[in-house]
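Below, each chain spelled out in residue letters.
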Amino acid sequence: SDDFLFPLGGWHREYVVEVASAPQFPWNIPGFELTGPYINHGTPLPVTLTLRLADDVWIVALVESPYLKMVKLKVTGQESYEHLATRYDTGYAASCAVQKTFNEACFKGTAANAQQYPVSFKAVQGAWVLGNGGQVCNQVCPDFTSCDSG
């Protein structure tokens, strides 16, 4: 097929994603940004580390050397969230700077306030339905090739 999907990060060929409206599914967010005066001198940066803890509860983070900057939030709407906690850490493990090994234990360090790293996103409510067989995902599938149907 010559269908294309344009996710954050560029063009990807082969997989078409449709969104199935289903109130039992959580919000899916194709990309987050951290914003505010303490991020890149006031210029937003894309989040490079994400961890979905529960249906709508996330830890989102990025490395802005020498800091690992993290926000824990609950998505409440298409562009709204409840701030749960903010942290930054200069003594983070190298594994915490890699998406594959980023985990809840990485969320440590110095507490910061919500205004330091506001989060920007545009969520879609529903499940991702993958074009490669119609697999329904209950999580964000960054590579759009596989996911847990949990």
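Scroll up a little and you will see the structure.
Position numbers for residues start from 1 in each chain and track the written sequence from start to end. Note on the predicted model: pLDDT of at least 70 is required for a residue's local features to be given, and 80 or more for side-chain atom pairs to be given and counted; whole-chain, interface and lining totals, by contrast, use all residues. No hydrogens and no water enter the side-chain calculation; it runs on all heavy atoms of the structure.

Visitor: Can you lay out the sheet that holds strand β8 (residues 57-64) for me, pointing to particular residues and giving the numbers?
Guide: Criterion used throughout: strands pair if DSSP finds at least two bridges between them. Numbering of helices and strands runs from the N terminus; a helix is a DSSP stretch of H or I covering at least four residues, while a strand is a stretch of E covering at least two. Across the sheet, five strands lie side by side as β7-β8-β9-β10-β11; this open sheet has antiparallel pairing. The strands lining the two open edges of the sheet, one partner per strand, are β7 (49-54) and β11 (110-112). Neighbour-to-neighbour, the strand axes of the sheet open up by a mean angle of 25°, direction not taken into account. Here β7 pairs with β8 via five bridges, running antiparallel. Residue pairing in the sheet places T50 in a bridge with V60 of β8. In this description, a line fitted to the C-alpha atoms serves as the axis of each element, helices being fitted only across the stretch in contact, and the angle between N-to-C directions of two axes falls anywhere from 0 to 180 degrees.

Visitor: How would you sum up the pairing of strand β9 (residues 67-75)? Please name residues and give values.
Guide: The two faces of a sheet get side chains in turn, since along a regular strand they alternate between them. Here β8 pairs with β9 via eight bridges, running antiparallel. For V57, the partnering residue across the bridge sits in β9 and is K74. Linkage of β8 to β9, two consecutive antiparallel strands, is achieved through a turn of two residues. Note that β9 and strand β10 (residues 81-89) share eight bridges and pair antiparallel. Of the residues in β10, the one forming a bridge with K72 is A85.

Visitor: Talk me through the sheet that holds strand β5 (residues 32-34); I want residue IDs and the actual numbers.
Guide: What the three strands build is an open sheet, ordered β6-β5-β12; its pairing is antiparallel. Where the open sheet ends on each side, the last strands, each with one partner, are β6 (45-46) and β12 (119-121). Pairing of β5 with β12 involves three bridges; the strand directions are antiparallel. The residue bridging F32 from the neighbouring strand is F121, located in β12.

Visitor: Before we move on, can you summarise the state of the cysteines with the specific residues and values?
Guide: A pair of sulfur atoms, both from cysteines and within 2.5 Å, is called a disulfide here. Per the counting criterion, the structure on display carries one disulfide. The residue that forms a disulfide with C96 is C106, at a sulfur-sulfur distance of 2.1 Å. One disulfide, between C96 and C106, carries an S-S torsion of -85° and so falls in the left-handed class. Placement of the pair is C96 in the loop between β10 and β11 and C106 in the loop between β10 and β11, with a sequence separation of 10 residues. The cut-offs for exposure are 20% and 50% of the maximum accessible area for each residue type, with area from a 1.4 Å probe on protein chains only; residues under the lower value are buried, those over the upper are exposed, and the others partly exposed. Here C96 falls in the buried class, since its relative accessible area comes to 6%.

Visitor: Go over the side chain of K69 with me, naming the residues and quoting the values.
Guide: Note that K69 resides in strand β9. Definition of a polar contact: a pair of N or O atoms within 3.5 Å, with one able to donate and the other able to accept a hydrogen when the atoms are protein atoms, and with sequence-neighbouring residues admitted only if both atoms are side-chain atoms. A polar contact is formed between the side chain of K69 and the backbone oxygen of Y38, at a distance of 2.5 Å. A distance of 2.7 Å separates a polar atom in the side chain of K69 from a polar atom in the side chain of E64. With residues up to four places along the chain from it excluded, the contact list for K69 reads L34, Y38, I39, V60, A61, L62, E64, R87, Y88 and Y117. We call two residues in contact whenever any of their non-hydrogen atoms come within 4.5 Å of each other.

Visitor: Give me the packing of aromatic side chains: which residues, what numbers.
Guide: The rule is short: rings of Phe, Tyr and Trp, with Trp giving its six-membered ring, pair when the centres are within 6.5 Å, and they are stacked under 30 degrees, edge-to-face over 60, tilted in between. Within this structure, the stated rule accounts for four aromatic pairs. The interplanar angle of 65° and the centroid separation of 5.2 Å between the aromatic rings of F32 and W58 together place this pair among those described as edge-to-face. Here F32 is found in strand β5, whereas its partner W58 is found in strand β8, with 26 residues between them in sequence. With respect to class, F32 is no different from W58; both count as buried. By the ring-pair criterion, three or more aromatic residues cluster together here, those being F32, W58, Y81 and F121.

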